[in-house]
Amino acid sequence: TEDQIIEGNVDLSSGNIEANGNVIIKKNITPGFSVNAKGHITVEGNIEEGSVRCGKDLTVKGGVLGNPDSLIEVGGNFKASFLSNATVRVQGDVDINLYAMNTHITSNGSIRAVSEKKGKVVGGTLSALMGIEVYEAGSPSGLKTIFIAGIDLDKEKELQDQVEAEEHAEEK
């Protein structure tokens with residue numbers, strides 16, 4: 001199959017993207033839009049409050065700016081410069097160049113945020129079956145940052161529900 005190339009943004013002009021092969025997006029995925037591809041997806045810019053479902057690897061040259069309605073699901077490996085307020089589910093490995101802030105990442109591979117003595121994780125939950133390696137974790141402000149290693153992605157949802165129930169109980 002031939003690569004589908006989106007020369008600009010995924011927005012009103014392109015609509016949501018559905019592809020059986022690979023997709024290359026030259027700019028951004030804008031808020032509210034989605035890309036669903038059975039192959040690899042490369043985003044030259046950012047994913048801005050959009051959703052992505054990728055059968056193979058997802059590479060984001062910029063970063064992911066999420067919201068409660070956006071979800072990133074990757075069948076292979078995932079690479080991005082940064083993640084903020086994102087929810088990411090990855091079957092393979094996760095590689096973060098700069099930071100993950102208030103982000104929930106689950107991976108059946110490993111999560112790494114250690115490139116060039118960068119890689120900060122502040123807030124959120126990182127869960128990886130094969131381990132987690134970061135350069136810096138947490139913050140002086142005490143923003144809750146949770147790491148869970150050795151748990152299968154499919155079982156992670158059960159654990160997350162339990163953690164949320166405990167947090168809800170503590171609030172009462």
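Cut-off values and rules
Residues numbered from 1 in each chain as written. Predicted model: local features only at pLDDT ≥ 70, side-chain atom pairs only at ≥ 80, totals over all residues. Heavy atoms only, no water. Helix = DSSP H or I, 4+ residues; strand = E, 2+ residues; numbered from the N terminus. Contact = heavy atoms within 4.5 Å. Polar contact = N/O pair within 3.5 Å; in protein donor to acceptor, adjacent residues only side chain to side chain. Salt bridge = Lys/Arg side-chain N within 4 Å of Asp/Glu carboxyl O. Buried < 20%, exposed > 50% of the residue type's maximum accessible area, 1.4 Å probe, protein only.

**Q** I'm lost on the environment of Gly-50 in this one. Help?
**A** Relative to the helices and strands, Gly-50 resides in the loop between β6 (47-48) and β7 (51-54). When the C-alpha atoms of Gly-50 and Val-74 are compared, they prove to be 14 Å apart, with 24 residues separating the residues in sequence. When near neighbours in sequence (up to four residues on either side) are disregarded, Gly-50 contacts Ile-29, Thr-30, Gly-32, Phe-33, Ser-70, Leu-71 and Ile-72.

**Q** Looking at this structure, I do not really get the side chain of Thr-30. What am I missing?
**A** Structurally, the position occupied by Thr-30 is in the loop between β3 (23-25) and β4 (34-37). Here Val-10 takes part through its backbone oxygen, which lies 2.7 Å from a polar atom of the side chain of Thr-30. Among all residues touching Thr-30, those that are not within four sequence positions of it are Asn-9, Val-10, Asp-11, Glu-48 and Gly-50.

**Q** Would you take a moment to explain the pattern of salt bridges for this structure?
**A** Once their charged atoms are close, side chains differing in charge can pair, the charge on each being opposite to the other. Applying the stated criterion across every chain, the model contains five salt bridges. In this structure, Arg-53 engages Glu-73 in a salt bridge whose closest nitrogen and oxygen atoms are separated by 2.6 Å. One end of the pair, Arg-53, is in strand β7; the other, Glu-73, is in strand β9 (residues 72-74), with 20 residues separating them in the sequence. Residue classification places Arg-53 among the partly exposed residues on the basis of a relative accessible area of 46%. The partly exposed category is assigned to Glu-73, whose relative accessible area is 22%. Measuring nitrogen to oxygen at the nearest pair gives 3.4 Å for the salt bridge that ties Glu-136 to Lys-120. Here Glu-136 is found in strand β16 (residues 136-137), whereas its partner Lys-120 is found in strand β14 (residues 120-128), with 16 residues between them in sequence. A residue is classified by how much of its surface remains accessible, and Glu-136, at 36% relative accessible area, is partly exposed.

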